[in-house]
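Structural overview
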2 protein chains.
Amino acid sequence: MTIKDIARLSGVSVSTVSRVLNDHPDVSEEAKEKVLAVVQEYNYIPNTSARELGKTSSDNIGVVVRGLSNPFYTKIITEIGSGIEKAGYTMVMQQIAAGEDEIMTAAKMERDKKLQGLIFLGGNLDYTKERMTSINVPYVCCTFNNQYGTLDKSDYSSVCIDDNQAAYDAVEYLVNEGHRKIVVLLSGVEDGSVSQVRFAGYKRALKDFGIQLDENLIIEINSFNIADAYSGMKDWLKKNREFTAVFAISDNMAMGAMKALREAGKKMPDDVAVIAIDGIEASEYMNPVLSTLCQPMEKMGSEAVKLLVDIINGKSTYRHVILPTTLREGETLK
Amino acid sequence: MTIKDIARLSGVSVSTVSRVLNDHPDVSEEAKEKVLAVVQEYNYIPNTSARELGKTSSDNIGVVVRGLSNPFYTKIITEIGSGIEKAGYTMVMQQIAAGEDEIMTAAKMERDKKLQGLIFLGGNLDYTKERMTSINVPYVCCTFNNQYGTLDKSDYSSVCIDDNQAAYDAVEYLVNEGHRKIVVLLSGVEDGSVSQVRFAGYKRALKDFGIQLDENLIIEINSFNIADAYSGMKDWLKKNREFTAVFAISDNMAMGAMKALREAGKKMPDDVAVIAIDGIEASEYMNPVLSTLCQPMEKMGSEAVKLLVDIINGKSTYRHVILPTTLREGETLK
DNA sequence: CTGAAAGCGCTAACAA
DNA sequence: TTGTTAGCGCTTTCAG
């Protein structure tokens with residue numbers, strides 16, 4: 001069943017069929033009805049590849065998401081989706097696994113789908129100028145920026161929180177409660193991920209508050225997994241080191257740590273305070289409720305779209321938006 | 001940059017370029033090197049649409065997943081992915097939102113990607129024979145079957161747990177602990193979803209154990225959301241009805257309910273026991289750890305692939321696999 | 001081992 | 001308002 005068959009069956013030309021299928025004006029009601037009837041009857045489904053191939057342009061905006069099911073992105077994606085729709089564009093989303101190359105994916109997508117623009121969600125912080133030349137449409141990095149890369153500020157746009165400052169703030173909250181022995185739970189110190197940036201904020205805060213950085217209070221795990229955080233914390237606890245608070249660089253990791261702490265008989269927040277960054281829904285259902293610095297997910301999504309669309313329409317050039325976090329008091333901070 | 005340019009630039013024909021791009025044999029080392037060099041130099045990326053359009057067949061297996069980020073599916077997807085790879089096929093995954101039509105999506109995909117077979121993850125239980133005629137390759141329903149539809153058993157295959165029995169078992173565990181006033185937390189009684197099947201299991205168990213179904217102990221919410229479960233439970237608690245246990249039809253909902261119970265001052269499992277079905281990772285990090293009947297996620301994924309591949313290769317016809325659940329004791333049951 | 005050429009199923013000028 | 005036709009960028013016979 002191709003467009004040709006439909007044309008023949010409904011007694012019109014393929015172009016007419018194409019026109020009704022694409023809601024073009026300049027088609028008589030009569031022709032329209034005939035075609036639609038045949039389409040219905042034979043359950044005709046146009047071939048996407050042919051369609052995309054033939055098209056000279058599109059109003060597609062691509063979204064490349066790293067991570068198959070990061071709950072943290074769900075809200076942002078929803079917001080991005082409706083924002084794109086509202087702006088009159090069509091969202092084309094591609095999720096990629098941790099190991100895959102988002103730039104390659106984006107470059108392919110740009111050509112295949114004839115994108116007008118791109119949004120990266122959860123990419124790396126170390127894009128190089130050279131690699132980005134394969135992307136020829138405007139793009140905005142959402143939830144991260146290019147801290148470790150070689151891009152000029154003017155080569156791209158971004159929407160994110162100030163991760164370094166958020167970590168600083170988290171530590172400050174703890175210090176204000178009188179804590180000095182603050183464990184930090186992070187993933188790969190030098191992994192070039194957001195973990196590194198937040199760790200830097202932790203160190204900066206310690207310095208500012210006159211606390212010596214203690215290597216013994218650093219728990220480094222190899223992922224952002226809740227399970228790994230759990231076992232990482234558990235193993236560390238066996239060392240029996242003194243501490244009164246934990247700063248986890250993500251909610252997810254904090255959740256794993258909390259279980260380990262609980263099993264070790266530590267009461268939160270009395271024996272040990274816990275604070276993290278992210279503000280995902282799940283951590284709100286923990287017992288006790290996790291105290292954390294929330295990223296403004298909806299706002300991030302809508303800002304990213306607004307920014308991108310402005311750039312596409314020439315109403316704006318590159319821009320770097322930094323959004324504030326808000327403290328969820330929770331029950332692990334006191 | 002098209003294949004033609006590459007051909008010209010490397011002094012061979014387009015067919016030769018196509019051959020090296022597709023790893024065909026029958027290409028001289030020399031030609032191969034030349035082409036690859038040019039491809040590298042110009043950073044050429046073949047157009048996917050054109051590729052798919054020209055192709056006469058593929059070794060693609062499609063996976064249609066309902067729900068953008070259901071953590072419950074993550075493990076299954078991973079397993080399906082590696083299973084498909086191992087079998088020498090290529091996975092093409094498409095995630096669709098709650099409102100979208102998975103059959104339409106699958107039908108499009110089948111034609112566009114020239115699929116050999118399909119796996120549905122988390123679809124509905126009420127497919128009609130008529131609608132499924134648009135799918136012309138073998139498919140297996142994973143995590144659900146066609147309980148409410150009009151398909152013949154021989155029209156499809158499935159891999160899932162016995163949801164009715166799982167609910168029955170859950171209630172039985174509670175009854176064995178002496179509970180008689182068992183609240184059930186479910187989504188839309190007549191929604192045709194798995195909620196309905198599990199509710200049926202709940203009722204069957206009550207009957208078998210001589211407990212009168214009490215309408216006052218049914219909490220019905222409109223989604224599977226943790227937040228809705230929380231507020232649903234909270235509202236219900238205001239009614240001050242007597243009960244000693246809660247059976248939630250999903251882990252997620254149980255997690256919401258637990259928070260409401262906690263806030264109402266109910267200790268688990270002493271004041272009230274809680275049990276659910278699913279066994280997602282997050283519920284293992286709750287405090288107390290949720291007692292639940294775990295679905296064998298990895299097994300479900302691998303079985304689904306094995307079954308589908310067998311059918312594709314003519315080594316098997318339709319089959320309906322029912323996998324056992326296992327109890328995670330947890331801390332909410334006693 | 002290689003190339004020419006005919007599609008794949010659609011869209012989009014261009015005429016009519 | 002409609003039809004004709006030339007692509008879109010690739011794969012795949014079929015000769016050579």
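Values in this document were obtained by computation on a predicted structure and should not be read as measured data.

1. Some words on the overall build of chain A
From N to C terminus, chain A includes twelve helices and twelve strands. Taking the principal axes of its C-alpha atoms as reference, chain A extends roughly 85 × 40 × 30 Å. Of all intrachain contacts in chain A linking residues separated by at least 6 positions in sequence, the fraction that spans at least 24 positions is 68%. Per element, the accessible surface of chain A, about 15000 Å² overall, is 47% carbon and sulfur. Considering chain A, the positive charge centre built from 37 side chains and the negative charge centre built from 46 side chains are found 2 Å apart.

2. Remarks on the domain arrangement of chain A
All names here are of chain A. Taken domain by domain, chain A consists of domain 1 (3-53), domain 2 (58-161 + 297-324) and domain 3 (163-295). Using C-alpha coordinates to define each centre, domain 2 is positioned 29 Å away from domain 3. Overall, the association of domain 2 and domain 3 removes approximately 990 Å² of surface from exposure, summing both partners, and the carbon and sulfur fraction of that is 61%. Taken as a group, Tyr 148, Ile 161 and Met 297 account for 52% of the area that domain 2 buries against domain 3, more than any other trio of residues on that side. Joining domain 2 to domain 3, the criterion identifies zero salt bridges. Counting the contacts that link domain 2 with domain 3 gives two residue pairs in polar contact (both at pLDDT 80 or more). Taken together, the residues of the side of domain 2 that touches domain 3 break down into six nonpolar, one polar and no charged.

3. Some words on the pattern of salt bridges
Applying the stated rule across the entire model yields 28 salt bridges over all chains. Here Arg 66 of chain B makes a salt bridge to Glu 102 of chain B, at a shortest N to O gap of 2.5 Å. With Arg 66 of chain B in strand 1 (residues 60-66) and Glu 102 of chain B in helix 6 (residues 102-112), this residue pair connects regions lying 36 residues apart in the sequence. Each member of the pair, Arg 66 of chain B together with Glu 102 of chain B, is buried. One salt bridge connects Glu 284 of chain B with Arg 328 of chain B, and the closest N-O pair in it is separated by 3.8 Å. Taken together, the residues Glu 284 of chain B in the loop between strand 9 (273-278) and strand 10 (291-294) and Arg 328 of chain B in strand 12 (residues 326-328) connect sequence positions 44 residues apart. With a relative accessible area of 34%, Glu 284 of chain B lands in the partly exposed category. Assessed through its relative accessible area of 12%, Arg 328 of chain B is described here as buried. Beyond isolated ion pairs, a larger network of salt bridges with shared partners links Lys 129, Asp 152 and Asp 155 of chain A.

4. Digging into the interface of chain B and chain A
Residue-level contacts link 34 residues of chain B with 34 residues of chain A. Applying the counting rule to chain B against chain A returns zero salt bridges. In this assembly, chain B and chain A are joined by 13 residue pairs in polar contact (both at pLDDT 80 or more). Mapped onto the side of chain B that touches chain A, the elements with two or more residues apiece are helix 4 (48-54), helix 5 (71-86), strand 2 (90-96), helix 6, helix 10 (226-237) and helix 11 (251-263) of chain B. Tallied by class, residues from the side of chain B that touches chain A come to 16 nonpolar, ten polar and eight charged.

5. Remarks on the protein's contact with DNA strand D
The local shell around DNA strand D holds 25 residues, among which Arg 19 and Ser 28 of chain A together with Ile 3, Ser 18 and Tyr 44 of chain B are the closest. Of all atoms in DNA strand D that approach within 4 Å of the protein, 64% are sugar or phosphate atoms. A distance of 2.4 Å is found between a base oxygen of DNA strand D and a side-chain nitrogen or oxygen belonging to Arg 19 of chain A. Listing elements by their share of the surface near DNA strand D, those giving two or more residues are helix 2 (14-21) and helix 4 (48-54) of chain A together with helix 2 (14-21) and helix 4 of chain B. Class assignment of the residues belonging to the surface near DNA strand D gives a composition of nine nonpolar, twelve polar and four charged.

6. A few points about the protein's contact with DNA strand C
Around DNA strand C lies a shell of 25 residues, among which Ile 3, Ser 18 and Tyr 44 of chain A together with Arg 19 and Ser 28 of chain B are the nearest. For DNA strand C, the backbone makes up 68% of the atoms found within 4 Å of the protein, where backbone means sugar plus phosphate. Measuring from a phosphate oxygen of DNA strand C, one finds a side-chain N or O atom of Asn 22 of chain A at 3.0 Å. Contacts to DNA strand C include Ser 28 of chain B, whose side-chain N or O atom sits 2.7 Å from a phosphate oxygen. Secondary-structure elements contributing two or more residues to the surface near DNA strand C are helix 2 and helix 4 of chain A together with helix 2 and helix 4 of chain B.

7. Quick word on the relation of the copies chain B and chain A
Structural alignment of chain B on chain A gives an RMSD of 0.1 Å, achieved by rotating through 180 degrees and translating 0.0 Å along the axis. The two molecules are tied by a two-fold rotation axis, judged by turn and shift. Mapped onto chain A, 100% of the interface residues of chain B again fall at the interface, so both copies present the same surface.

8. Quick word on a nonpolar patch on the surface
Residues and elements named next belong to chain A. Judged by side-chain polarity, Met 1, Leu 9 and Tyr 42 come together as a nonpolar surface patch covering roughly 280 Å² of accessible area. With respect to the secondary-structure elements, Leu 9 resides in helix 1 (residues 3-10). Classification of Leu 9 by relative accessible area gives partly exposed; the value is 35%.

9. Observations regarding the environment of Pro 71 of chain B
Looking at where Pro 71 of chain B falls in the secondary structure, it is placed in helix 5. Considering only alpha carbons, one finds Pro 71 of chain B and Ile 280 of chain B, 209 residues apart in sequence, at a separation of 7.2 Å.

10. Some thoughts on the UniProt feature "domain: HTH lacI-type" (unreviewed entry) in chain A
UniProt feature "domain: HTH lacI-type" (unreviewed entry): in the numbering of this structure it lies at residues 1-55 of chain A. Taken end to end, residues 1-55 of chain A is 67% helix and 0% strand, and its two terminal C-alpha atoms sit 20 Å from one another.

Rules of the game
- Residues numbered from 1 in each chain as written.
- Chains lettered and ligands numbered in written order.
- Predicted model: local features only at pLDDT ≥ 70, side-chain atom pairs only at ≥ 80, totals over all residues.
- Heavy atoms only, no water.
- Helix = DSSP H or I, 4+ residues; strand = E, 2+ residues; numbered from the N terminus.
- Contact = heavy atoms within 4.5 Å.
- Areas by Shrake-Rupley, 256 points an atom, 1.4 Å probe, with all protein chains shown as cover.
- Lys, Arg positive; Asp, Glu negative; His and termini not counted.
- Charge placed at Lys NZ, Arg CZ, Asp CG, Glu CD.
- Domains from an automatic or database assignment.
- Buried area = accessible area lost by both parts, 1.4 Å probe.
- Salt bridge = Lys/Arg side-chain N within 4 Å of Asp/Glu carboxyl O.
- Polar contact = N/O pair within 3.5 Å; in protein donor to acceptor, adjacent residues only side chain to side chain.
- Nonpolar A, V, L, I, M, F, W, Y, C, P; charged D, E, K, R; others polar.
- Buried < 20%, exposed > 50% of the residue type's maximum accessible area, 1.4 Å probe, protein only.
- Near = heavy atom within 4 Å.
- Least-squares fit on C-alpha atoms with pLDDT ≥ 70 in both.
- Patch = residues over 30% accessible without salt bridge, like charges linked within 9 Å, V, L, I, M, F, W, Y side chains within 5 Å.
- UniProt positions renumbered as here; feature names shortened; annotations may be inferred.

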